[in-house]
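Analysis of the macromolecular model
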Amino acid sequence: LFCSMQPLLHSVDKKKAALAVAGAIASIAAVSYAVSNPNTKHLCKTETYETTVTLDDGRKMGYSSHGEGWPVFFFPPVPGSRLSFPKNIDSICRDLKIRFIVIERPSCGLSSPVKERSYRSFASDVSEFADKMNIPQFSLVGHSGGAMHALATAAFLPTKVVKLAVIGAAAQPGSFKTPRTDFDSFKALPKHMQDSVNLVGKSPHWLTRFAFWTVSSHLQNPAKFASEILAHAGEASAFGGDKAGLQEFRTYLEENIVEFFRQGMKPMVDDMRSFCAKPWEFDPEEIKQDTSIFVGQIDDYSPVSHSE
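In this text, all values refer to a predicted model and were calculated from it rather than measured experimentally. (Residues numbered from 1 in each chain as written. Predicted model: local features only at pLDDT ≥ 70, side-chain atom pairs only at ≥ 80, totals over all residues. Heavy atoms only, no water.)

Comments concerning unusual backbone geometry
Cis geometry is adopted by the peptide bond preceding P79, which originates at V78 and carries an omega value of 0 degrees. At K97, a residue that is not glycine, the phi angle is positive and equals roughly 55 degrees. Within the element layout of this structure, K97 appears in the loop between α2 (89–96) and β4 (98–103). Taking the relative accessible area as the measure of exposure, K97 reaches 60% and is therefore exposed. (Helix = DSSP H or I, 4+ residues; strand = E, 2+ residues; numbered from the N terminus. Buried < 20%, exposed > 50% of the residue type's maximum accessible area, 1.4 Å probe, protein only.)

Below you can see the structure in the form of structure tokens.
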């Protein structure tokens, strides 16, 4: 199973489970053709490995790199890390002729912390990361918490990001007009997400960090947090009776939880504050790149209405 990003269609039968796998593979396929005839000098060749890049201010960005070919950057979900890739990543990259690069946000995994993170500051980090990797252009995939960062990066780096795919993205909380009707993205969120948005959006930074610290022993327990994700989001049902597949995915989740919280609660706090503590620094309408949007039909974290 393509389990690099959590099953994309939290489903209750094997047919929908198959759609989850197909959707994940399609998201990578959609961005693998970044341009009609990509210039071969932009193609990257490398072995699979994980390491860091040092930015000009001395901070490090952790990442893992897989395959060779057209570069595709992946921004993982919460909790996700440079380990957010499936076991068969090498064959996927070989089939699609891509280099799949999983980038960790500041304070996550091997990436250095930053005092105050925003969508704009992260896009700037990604731009510098690409320069230091000698990658002038790339395609981009973002999932869940990484999806909004991908949208922002595409908006801020229009000449570097040539194609975009987002999975399980959420709209900025609030009321605004859409081409169809007035839409209240906050009311469309499930209750548990509304509570988090209210906490983060209406509290000072120190109180947000304290609130997350009070539940850190639970969130930073890989087994407990993995069980909560599996039960709350419905991932378990996507595997049907495949106990081995479910256990493999649980192990994948636990490994990413450990890496995501390696430096504490800050990456989760920063992700939430970027999402809802202040107005977004970009307008999604500014994104001009060819974009594919994938959403789980019963995703409890990112409602279908948000992607619509």
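Having put the structure on the table, let's press on.
Quick notes on the environment of S112
Here S112 lies in the loop between β4 and α3 (119–132). For the pair S112 and G58, spaced 54 residues apart in sequence, the C-alpha separation works out to 8.9 Å. If we skip the residues at most four places from it in the chain, S112 touches R59, K60, P106 and S107. (Contact = heavy atoms within 4.5 Å.)

Concerning the pattern of salt bridges
Under the defined criterion, the tally for this structure stands at 14 salt bridges. A salt bridge links K160 to D131; the shortest N-O distance between them is 2.7 Å. Highlighted residues: K160 in the loop between α4 (145–156) and β6 (161–167) and D131 in helix α3, separated in sequence by 29 residues. Taken together, the shared-partner salt bridges connect R105, R117, K266, D270 and D271 into one network. (Salt bridge = Lys/Arg side-chain N within 4 Å of Asp/Glu carboxyl O.)

Regarding the nonpolar core
A general trend in soluble globular proteins is that nonpolar side chains are found buried together. Counting residues in hydrophobic clusters, the biggest one holds 57 residues, and the most contacted among them are F73 and F129. Aside from chain neighbours lying at most four places away, what touches F129 is V53, L55, M61, Y63, F73, I101 and I103. By size, the runner-up hydrophobic cluster in this structure holds 15 residues, among which are F74, I89, V102 and I167. (Core = buried A, V, L, I, M, F, W, Y, C linked by side-chain atoms within 4.5 Å.)

Some thoughts on helix α11 (residues 243–260)
The first and last C-alpha atoms of α11 sit 25 Å apart over 18 residues, in line with the 26 Å expected at 1.5 Å per residue. All buried positions along α11 are accounted for by G245, F249, Y252, L253, N256, I257, E259 and F260. Seen from one end, α11 has its buried residues packed into an arc of 165 degrees, which puts them on one side. In α11, the exposed positions that point more than 90 degrees away from the buried face belong to K243 and A244. (Expected span 1.5 Å × (residues − 1). Arc of directions from axis to C-beta.)

Any functional reading would require information beyond the geometric quantities listed.
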